[in-house]
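Coordinates in review
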Amino acid sequence: MDFIALPKIELHAHLTGSISRQTLHEIWLTKKAAGQTDLEDPLAVIPEGKHDYNLVAFFPLFSKYIYALLTDEASIRHATTAVLQSFLQDGVVYLELRTTPRPTPLLSAAQYVDILLSTISGFEEQNPRLHTRLILSVDRRHDYEMAASVLDLAVETSEGGYAARHAMVVGLDLCGDPSARPSGEISLFTPIFEKARAANLGITLHFAEIQASASKAELETLLSWRPRRLGHVIWEDEETKKEIERRKDELCLELCLSCNVHAGMVEGGFEGHHFGGWRRVEGVKVSLGTDDVGIFGSPLSNEYRLAAQHFHLDNRQICALAREGIDFIFGGEVEKERLRRIMWDEHSC
Ligand code: IMP
Ligand code: ZN
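Residues numbered from 1 in each chain as written. Chains lettered and ligands numbered in written order. Predicted model: local features only at pLDDT ≥ 70, side-chain atom pairs only at ≥ 80, totals over all residues. Heavy atoms only, no water.

Test applied: UniProt positions are given in the numbering used here, feature names are shortened, and annotations may be inferred rather than shown by experiment.
The protein carries the name Adenosine deaminase domain-containing protein in an unreviewed UniProt entry, which gives Hypocrea atroviridis as its organism. Turning to the protein, the UniProt record has this under Sequence similarities (unreviewed entry): "Belongs to the metallo-dependent hydrolases superfamily. Adenosine and AMP deaminases family." Listed under Catalytic activity (unreviewed entry) in UniProt, the entry text for the protein is "N(6)-methyl-AMP + H2O + H(+) = IMP + methylamine".

Below is the structure:
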């Protein structure tokens, strides 16, 4: 099967984790030539071919390095355009890109989001095959005020609030280092996600990524926010698993094979990945995602190839899997219709 030609939906990709080392290197070269950075070359800090970052090594890549490089409009536009281009070239037809709004020394968080929306709109005008929508991320390490400001930005730039051409914010995510706020302290954010739902934003949550973020109290709290999608879903207990099964018509699981295997979040390599277990649960929907293709190095076409190889899926099963996410996108009914046309009518399996 040609996994690149297969039209695909990507629902779990973090913007700055999706930037290739080569693109980071180009941005670094420009800054270095202008005397604007003392950072080491990205190709030395994140060497080509290295993908085995565990979670302890992973999060500082952003806070200590990548964010220090993406500080101005030109570098953010450059990086975002390169990310969109690589998803397009990989056969992705609908992308929900998520990012944590952050101020830089040169830009406010609102300006950062504005730059992304205008870059996405411009790219879509030139490349109408790929439709991209934005999800804003609340980081578990945020305090309440910071999380509330992410929600405000999301509401302002969502369909109701933003006069954009194509791009807009369609959802709110909870992400960030899963070892932060263990033991149910995540309920701090309950009012934020309740308001997001009231504002018609889609809700997607990083769920049970590690044992420390899988306490009964935390998982109950997260499910009480009525998310439409759950990311990772690795360490849930039996009762929570049954609850997910009960909610199978309202929930889709965003599963990320390479990220989980390379980061050592699952045991037994690809064959041991919980994708296999969830696949056997009748009716539970799954959408494959790359999470951070810039770090873990596996584009979405390769995630489908890995699923086919390690879980023995034939072409018909792969096509069915690719289509499962359609009903769970946050981009609205017109977009779902477009995806059904592309993925059912134009592409025969
Ligand atoms: P950004 O939000 O576009 O800057 O993307 C990078 C950020 O996404 C990181 O700083 C993390 O907070 C978050 N992130 C990326 N991958 C993961 C993951 O696997 N689990 C939780 N958070 C993640
Ligand atoms: Zn993620």
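1. Some details on helix H14 (residues 315-323)
Note: α-helices contain 3.6 residues per turn, so residues at a spacing of three or four share the same orientation. Rules: Any residue under 20% of the maximum accessible area for its type is buried, any over 50% is exposed, and the rest in between are partly exposed; the area is computed with a 1.4 Å probe on protein chains only. What counts as a helix is a DSSP run of H or I of at least four residues, what counts as a strand is a run of E of at least two, and both are numbered from the N terminus. Under the rule applied, a polar contact is a pair of N or O atoms within 3.5 Å (in protein, one hydrogen donor and one hydrogen acceptor; residues adjacent in sequence only if both atoms are side-chain atoms).
Buried within H14 we find Ile318, Cys319, Leu321, Ala322 and Arg323. Sitting at the amino-terminal end of H14 is Asp314, which places a side-chain oxygen 3.2 Å from the backbone nitrogen of Arg316.

2. Points about the coordination of the zinc ion (ligand 2)
This is how the line gets drawn: Here a donor is an N, O or S atom found within 2.8 Å of the metal, or within 3.2 Å if the metal is Na, K or Ca; sites may look incomplete because water is not among the atoms. Irregular is the default label, applied whenever a site is not tetrahedral (four donors, all angles between 85 and 135 degrees) and neither square planar nor octahedral (four or six donors, opposite donors over 155 degrees apart, all other angles between 65 and 115).
For the zinc ion (ligand 2), every protein donor is listed as His12 (NE2), His14 (NE2), His206 (NE2) and Asp291 (OD), and the spread of their distances is 2.1 to 2.2 Å. Each of the four donor atoms bound to the zinc ion (ligand 2) contributes to angles spanning 85 to 173 degrees, and the resulting shape is irregular. Sequence spacing of the donors to the zinc ion (ligand 2): H-x1-H-x191-H-x84-D. Of this pair, His14 sits in strand S1 (residues 8-14) while His206 sits in strand S5 (residues 202-207), placing them 192 residues apart in sequence. His206 shares its class with His14; the two are buried.

3. As for the sheet that holds strand S4 (residues 169-175)
Sheet strands associate in pairs through backbone hydrogen bonding, adopting either a parallel or an antiparallel arrangement. How we decide: Pairing between strands is defined by DSSP: at least two bridges between them are needed. Only C-alpha atoms enter the line fits that serve as axes; for helices the fit covers just the stretch in contact. Angles between N-to-C directions range over 0 to 180 degrees. In what follows, residue pairs with any heavy atoms lying within 4.5 Å of each other are defined as contacts.
On the basis of which strands lie adjacent, the open sheet formed by eight strands has the order S1-S2-S3-S4-S5-S6-S7-S8 and parallel pairing. Here the strands that pair on one side only, and so sit at the sheet edges, are S1 and strand S8 (285-288). Across the sheet, the mean angle separating the axes of adjacent strands is 25 degrees when strand polarity is ignored. On the sheet, helix H6 (residues 144-156) packs against strand S3 (131-139) and S4 and is oriented at approximately 160 degrees with respect to S3. Each of S3, S4 and S5 touches helix H7 (residues 190-198); the most contacted strand, S4, lies at about 160 degrees to it.

4. Description of the packing of aromatic side chains
Let me state the cut-off plainly: In summary, the pairing rule links any two rings of Phe, Tyr or Trp, Trp by its six-membered ring, whose centres are within 6.5 Å, and it sorts them by plane angle into stacked for under 30 degrees, edge-to-face for over 60 and tilted for everything else. Here, over-ring charges are defined by two tests on the NZ atom of lysine or the CZ atom of arginine: distance to the ring centre within 6 Å, and angle to the ring normal within 35 degrees.
One pass over the structure, following the stated rule, counts six aromatic pairs. Pairing Phe58 with Phe296 gives two aromatic rings, centres 5.5 Å apart and planes at 20 degrees, and the pair type is stacked. You can see Phe58 sitting in helix H3 (residues 55-69) and its partner Phe296 sitting in helix H12 (residues 293-296), a full 238 residues away along the chain. As far as burial versus exposure is concerned, Phe58 and Phe296 are alike and both buried. We note Arg102 situated over the ring of Tyr112; from NZ or CZ to the ring centre the distance is 4.9 Å.

5. Considerations on the layout of surface pockets
Note the cut-off: Points on a 1 Å grid, built from protein atoms alone, make a cavity when a 1.4 Å probe fits but cannot get out and make a pocket when they are open with protein on both sides within 12 Å along at least 5 of 7 lines; residues with an atom within 4 Å of a point are the lining residues. Grid points are joined across faces, edges and corners, and a volume is the space filled by probe spheres set on the points. Each residue is assigned to one class: nonpolar for Ala, Val, Leu, Ile, Met, Phe, Trp, Tyr, Cys and Pro, charged for Asp, Glu, Lys and Arg, and polar for all the others, Gly among them.
Taken as a whole, the largest pocket holds about 490 Å³ of empty space. Considering the residues around the largest pocket, the lining is formed by 31 residues, among which Tyr67, Thr100, Asp139, Arg141 and Cys175 are closest to the centre. Put simply, the parts of the chain that give the lining of the largest pocket at least two residues each are H3, strand S2 (92-99) and S3. No other element matches H3, which puts six residues into the lining of the largest pocket. For the lining of the largest pocket, the residue count by class is 14 nonpolar, 10 polar and seven charged. The computed volume of the second largest pocket comes to approximately 360 Å³.

6. Considerations on the nonpolar core
Heads up, the condition is: In plain words, nonpolar cores are sets of buried Ala, Val, Leu, Ile, Met, Phe, Trp, Tyr and Cys residues tied together by side-chain atoms within 4.5 Å.
In this structure, Leu172, Phe193 and Phe275 are the most contacted members of the largest nonpolar core, which totals 111 residues. Look past the residues within four positions of Leu172 in its chain and what remains in contact with it is Ile135, Leu136, Val138, Val150, Leu151, Ala154, Ile192, Phe193, Ala196, Gly202, Ile203 and Thr204.

7. A word on the site of ligand 1
Where we set the bar: Here, proximity means that at least one heavy atom of the residue falls within 4 Å of the molecule or strand. Only the protein chains shown count as cover for residues, with accessible areas throughout obtained via the Shrake-Rupley method and a probe of 1.4 Å. Each molecule is assigned to a cavity or pocket provided more than half of its atoms lie within 2 Å of the corresponding grid points.
Close contacts around ligand 1 come from 19 residues, with Thr16, Tyr67, Thr99, Thr100 and Glu209 the closest. In the model, an oxygen atom of ligand 1 is placed 2.7 Å from a nitrogen or oxygen of the Thr16 side chain. Between Gly176 and ligand 1, the recorded distance is 3.0 Å, taken from a backbone N or O atom to a nitrogen atom. In the complex, 99% of the free accessible area of ligand 1, which totals 490 Å², lies under the protein chains. Using a 2 Å cut-off from the grid points, one finds that ligand 1 occupies the largest pocket. Those elements giving two or more residues to the shell around ligand 1 turn out to be H3 and S2. Here the element with the most residues in the shell around ligand 1 is H3; it accounts for four residues. Class assignment for the residues of the shell around ligand 1 results in six nonpolar, seven polar and six charged.

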